[in-house]
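# Overview (structure and organization)
Take a look at the letters that make up each chain.
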Amino acid sequence: MPATNHDPHTWRELAQVVALGAQIQRRKARGKGTARLEKRVDEIRAKAQAREDARKRK
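Described below are features of the structure shown in this document. Quick caveat: nothing in here was measured; it's all calculated off a predicted structure.

### A closer look at the overall build of the chain
Within the chain one finds two helices and zero strands. At 13 Å, the chain has a C-alpha radius of gyration far larger than the 10 Å of a compact globule built from 58 residues. In terms of overall dimensions, the chain has a C-alpha envelope of 45 × 15 × 15 Å along the principal axes. Contacts in the chain between residues far apart in sequence, at least 24 positions, make up 46% of those at least 6 positions apart.

### Points about the pattern of salt bridges
Taken as a whole and assessed by the stated rule, the structure comprises four salt bridges. In this structure, the salt-bridge partner of Lys28 is Glu38, at a minimum N-O distance of 3.7 Å. Of this pair, Lys28 sits in helix 1 (residues 11-29) while Glu38 sits in helix 2 (residues 35-57), placing them ten residues apart in sequence.

### What about the nonpolar core?
By size, the foremost hydrophobic cluster in this structure holds six residues: Val17, Leu20, Ile24, Leu37, Val41 and Ile44. Elements with a minimum of two residues in this core: helix 1 and helix 2. Leave out the neighbours within four places in its chain, and Leu37 touches Leu20, Gln23, Ile24 and Arg27.

### As for helix 2
For helix 2, spanning 23 residues, the distance from its first C-alpha to its last is 33 Å, which sits close to the expected 33 Å at 1.5 Å a residue. Buried residues in helix 2 make contact with helix 1.

### Quick notes on the side chain of Thr34
Assignment of secondary structure puts Thr34 in the loop between helix 1 and helix 2. On the basis of relative accessible area, Thr34 is assigned to the buried category, the value being 9%.

### Regarding helix 1
Under the 1.5 Å per step criterion, the end-to-end length of helix 1 is 27 Å for 19 residues, consistent within 8% with the ideal 27 Å. Every buried residue belonging to helix 1 is among Glu13, Val17, Leu20 and Ile24, and all of these are buried. Across the axial projection of helix 1, the buried residues extend over an arc of 70°, all falling on one side. The outward face of helix 1, more than 90 degrees from its buried face, is lined by the exposed residues Trp11, Arg12, Val18 and Ala29. Tucked inside the fold, the buried residues of helix 1 contact helix 2. At the C-terminal side of helix 1, Gly31 shows a positive phi close to 80°.

Basis of the calculations
Residues numbered from 1 in each chain as written. Predicted model: local features only at pLDDT ≥ 70, side-chain atom pairs only at ≥ 80, totals over all residues. Heavy atoms only, no water. Helix = DSSP H or I, 4+ residues; strand = E, 2+ residues; numbered from the N terminus. Rg over C-alpha atoms; globule rule 2.2 N^0.38 Å. Contact = heavy atoms within 4.5 Å. Salt bridge = Lys/Arg side-chain N within 4 Å of Asp/Glu carboxyl O. Core = buried A, V, L, I, M, F, W, Y, C linked by side-chain atoms within 4.5 Å. Buried < 20%, exposed > 50% of the residue type's maximum accessible area, 1.4 Å probe, protein only. Expected span 1.5 Å × (residues − 1). Arc of directions from axis to C-beta.

Laid out in structure tokens, this is it:
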């Protein structure tokens, strides 16, 4: 179930994206790569959007 009526993410997905965002910022501050973490965030968002699109089509 979406966290709100305006976005496709569940509460768990929102928490994961926020935690990954914090981790990305810490790694950027240290000058380390973040591509793997950014890819994971994109995958979470894409999965949530696909699920919401499928739900709306029904």
